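Fold and contact review
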Amino acid sequence: MTEKPAAGEELLLDVRDLAVSVPVGREQRPLVTDVSFGLPVGGSLGLVGESGSGKSMTARAILRLLQRDAKVSGSVRFEGEDVYGMSKSRLRAWHAREVGMIYQDPRAHINPLRTIGDFLTEGLRQSGVSTSDAYEQAEALLKRVGVGNADVRIRQFPHQLSGGLLQRVMIASVLLMKPKLVIADEPTTALDVTIQEAVMVILDEMRRAEGVSLLMVTHDLDLAAAVTDRLAVVYAGRVVELGASATMHEDGIHPYARGLLASRPSTSCKERLKVIPGRPVAAFEAPSGCVFADRCDLVEDVCRTDRPSLREVATHRVACHRADEIVADRAPVVGGRA
Ligand SMILES: Nc1ncnc2c1ncn2[C@@H]1O[C@H](COP(=O)(O)OP(=O)(O)OP(=O)(O)O)[C@@H](O)[C@H]1O
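Attention in this report is confined to the structure presented alongside it. Residue numbers restart at each chain and count upward from 1, following the sequence in its written direction. Selection of residues for local features in this predicted model requires a pLDDT of at least 70, selection of side-chain atom pairs for listing and counting requires 80 or more, and totals for whole chains, interfaces and linings are taken over all residues. To get the side-chain values, all heavy atoms of the structure are used, and hydrogens and water are removed first.

1. Regarding the overall build of the protein
By the criteria applied, helices consist of DSSP H or I runs no shorter than four residues and strands consist of E runs no shorter than two, each listed in order from the N terminus. Each helix and strand counted, the protein has 12 helices and 12 strands in total. Atoms counted for the radius of gyration: C-alpha only. Globule rule: 2.2 Å times the number of residues to the power 0.38. Rg of the C-alpha trace for the protein: 21 Å, near the compact-globule value of 20 Å for 338 residues, within the 12% margin. Oriented by its inertia axes, the alpha-carbon framework of the protein measures out at about 65 × 50 × 45 Å. The proportion of buried residues among the 338 residues of the protein is 50%. In the protein, once contacts between residues fewer than 6 apart in sequence are set aside, the share between residues at least 24 apart is 64%. Computed by Shrake-Rupley with a 1.4 Å probe, the accessible areas treat only the displayed protein chains as cover when residues are assessed. Total accessible area on the protein is roughly 16000 Å²; 50% of this is exposed by carbon and sulfur atoms. With 42 positive and 44 negative side-chain charges, the protein shows a spacing of 4 Å between the two charge centroids. Burial classification: accessible surface area is computed with a 1.4 Å probe over protein chains only, and a residue below 20% of its type maximum counts as buried, one above 50% as exposed, and the rest as partly exposed. Contacts are residue-level and defined by heavy atoms, with any inter-residue pair within 4.5 Å sufficient. His residues and chain termini do not enter the charge count, which takes Lys and Arg as positive and Asp and Glu as negative. The location of each charge is read from NZ of Lys, CZ of Arg, CG of Asp or CD of Glu.

2. Describing the site of the ligand
To be near a molecule or strand, a residue needs just one of its heavy atoms within 4 Å of it. In the vicinity of the ligand, 14 residues are found, and the nearest of them are Ser51, Gly52, Lys55, Ser56 and Gln67. Within the side chain of Gln67, an N or O atom sits 2.7 Å from a nitrogen atom of the ligand. For the ligand, whose unbound accessible area comes to 630 Å², protein coverage reaches 64%. Mapped onto the shell around the ligand, the elements with two or more residues apiece are strand S1 (11-24) and helix H1 (55-62). With three residues, the top contributor of residues to the shell around the ligand is H1. Here a polar contact means two N or O atoms within 3.5 Å. Within protein one must be a hydrogen donor candidate and the other an acceptor candidate, and residues neighboring in sequence count only if both atoms are side-chain atoms.

3. Some words on the layout of surface pockets
Taken as a whole, the largest pocket spans an internal volume of roughly 1200 Å³. Leu65, Arg92, His95, Ala96 and Val99 are, among the 37 residues lining the largest pocket, the residues nearest its centre. Going through the elements one at a time, helix H2 (88-97), strand S6 (99-102), helix H3 (116-126) and helix H6 (163-176) are the ones with two or more residues in the lining of the largest pocket. For the lining of the largest pocket, the element with the most residues is H2, which contributes eight residues. Gly is placed with the polar residues, together with every amino acid not listed as nonpolar (Ala, Val, Leu, Ile, Met, Phe, Trp, Tyr, Cys and Pro) or charged (Asp, Glu, Lys and Arg). Its residues placed into classes, the lining of the largest pocket shows 20 nonpolar, 10 polar and seven charged. Definitions used for this entry: grid spacing 1 Å over protein atoms alone; cavity, a set of points where a 1.4 Å probe fits but cannot get out; pocket, an open set with protein on both sides within 12 Å along at least 5 of 7 lines; lining residue, one with an atom within 4 Å of a point. Grid points are joined across faces, edges and corners, and a volume is the space filled by probe spheres set on the points.

4. Re the sheet that holds strand S12 (residues 316-318)
In this analysis, strands are considered paired if DSSP registers two or more bridges between them. Strand order in the open sheet formed by eight strands is S6-S7-S8-S3-S9-S10-S12-S11, with mixed pairing between adjacent strands. Pairing within the sheet leaves two strands with one partner each, and these edge strands are S6 and strand S11 (311-313). Strand-to-strand twist across the sheet, computed as the mean angle between neighbouring axes with direction ignored, equals 20 degrees. Strand direction decides the pairing type here: strand S7 (residues 181-185) and strand S8 (residues 213-218), joined by five bridges, are parallel. Interaxial angles span 0 to 180 degrees and are taken between N-to-C directions of axes, which are lines fitted to C-alpha atoms, for helices over the stretch in contact.

5. Notes on the pairing of strand S3 (residues 44-48)
For S3, the buried fraction is high: five of the five residues fall into the buried class. Alignment of S3 against S8, held across five bridges, turns out to be parallel. Following the sheet pairing, Leu45 is matched in S8 by Leu215.

6. Observations concerning the sheet that holds strand S5 (residues 81-82)
Pairing between the strands of a sheet comes from backbone hydrogen bonds, and it takes one of two forms, parallel or antiparallel. As summarised here, the arrangement of the four strands in space is S2-S1-S4-S5, forming an open sheet in which the pairing is antiparallel. One side of each edge strand has no neighbouring strand; the edge strands of this open sheet are strand S2 (27-40) and S5. When strand S4 (residues 71-78) meets S5, the two strands line up antiparallel, connected through two bridges. Bridged to Phe78 within S5 is Glu81. In the packing of H1 onto the sheet, the strands contacted are S1, S2 and S4, and the crossing angle to S1 comes to about 115 degrees.

7. Quick word on the environment of Val20
With respect to the secondary-structure elements, Val20 resides in strand S1. On a C-alpha basis, the gap between Val20 and Gly74 in space is 9.0 Å, while along the polypeptide they are 54 residues apart. Sequence-distant contacts of Val20, that is, excluding residues within four places in its chain, are made with Arg29, Pro30, Leu31, Val32, Met57, Ala61, Leu66, Ala70, Lys71 and Val72.

8. Overview of the packing of helix H4 (residues 131-144) against H6
Axis separation between H4 and H6 bottoms out at 9 Å; the angle between their running directions is 130 degrees. Taken as axis vectors, H4 and H6 run oblique relative to one another. Relative to H6, H4 is oriented so that their crossing is right-handed. For the pair H4 and H6, the contacting residues are Gln137, Ala138, Leu141 and Leu142 in the first and Val169, Ala172, Leu175 and Leu176 in the second. Taken together, the residues of the contact of H4 with H6 sort by class into seven nonpolar, one polar and no charged. Oblique is the label for any angle not covered by the other classes, which are roughly parallel (under 35 degrees), roughly antiparallel (over 145) and roughly perpendicular (65 to 115). Each crossing gets its handedness from the near helix: less than a right angle anticlockwise from the far helix is left-handed, clockwise is right-handed.

Structure, rendered in structure tokens:
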């Protein structure tokens, strides 16, 4: 499935038929298959799915950050440029200036032996900005992302900062380079609930103020829906539904998307939480027909034999043989938040 931009909409990122496999023993193991989506300039998209569904692999494949022996097919275009056709020097410059990645665990990505200021200003200094100007910009940005006493923090080492503060430092380090695209991979999972919200507000503000495009990778459908325009629900390395966050949040069509919606905890609803039966599978474990067939309560013969492709159903794109029936017969999702 390919995606055409809406009229007047320019795509920053165009991912088509992306597939990733890695060698494990003697076999080549598929981890991502047929992922396609477009991200407009200044737009945002959430890649949502359970653990092991291939979200992080997809994100890393987009940035061409996979292990050397990974095989990638399909195409990733950034402002029309083929990411996998970039020379090494072009790729380095692209990573340094045009795209940024925010990881789940900032401690694993910030050198513990260097001060926060040294870490933050490295990219700017390398691109020719004087040390004093780089420090000035870094301090200003730390303040903007809510780091109090920025003048003190900038001289401290990572172990002197809490996880929440360090995540803000990582966001600041990415924003300092004024990238066009930020990929945030579970940026709040390691944080306390109260800090999670503050970090999401920062990401949202950054996107609006700077016109940065955001690709957010998360297992949390509510969180993704709150900060992104569109959601791609991923299961077993495939996008099974793509649609506007607002409608997906209330009215997903694919049985897996509906299962995710129904299994969210709610403080107001007294009904028991619905649980999707079985366990999530990775792409290499998926059945040959519909990847969700083994867990789907609407499964029928065709689902076991034919893999459904992503097609337009109502206002979404859905990979389900029974999507039209589901839309015609749509009952409200039970157990989700109002
Ligand atoms: N280098 C690797 N070699 C083999 N299998 C891998 C490798 N990296 C990841 N996998 C497997 O690929 C599948 C997808 O992993 P991925 O990290 O993309 O999932 P995810 O959806 O991001 O989940 P999580 O949130 O748990 O990271 C998982 O089954 C994982 O075990």
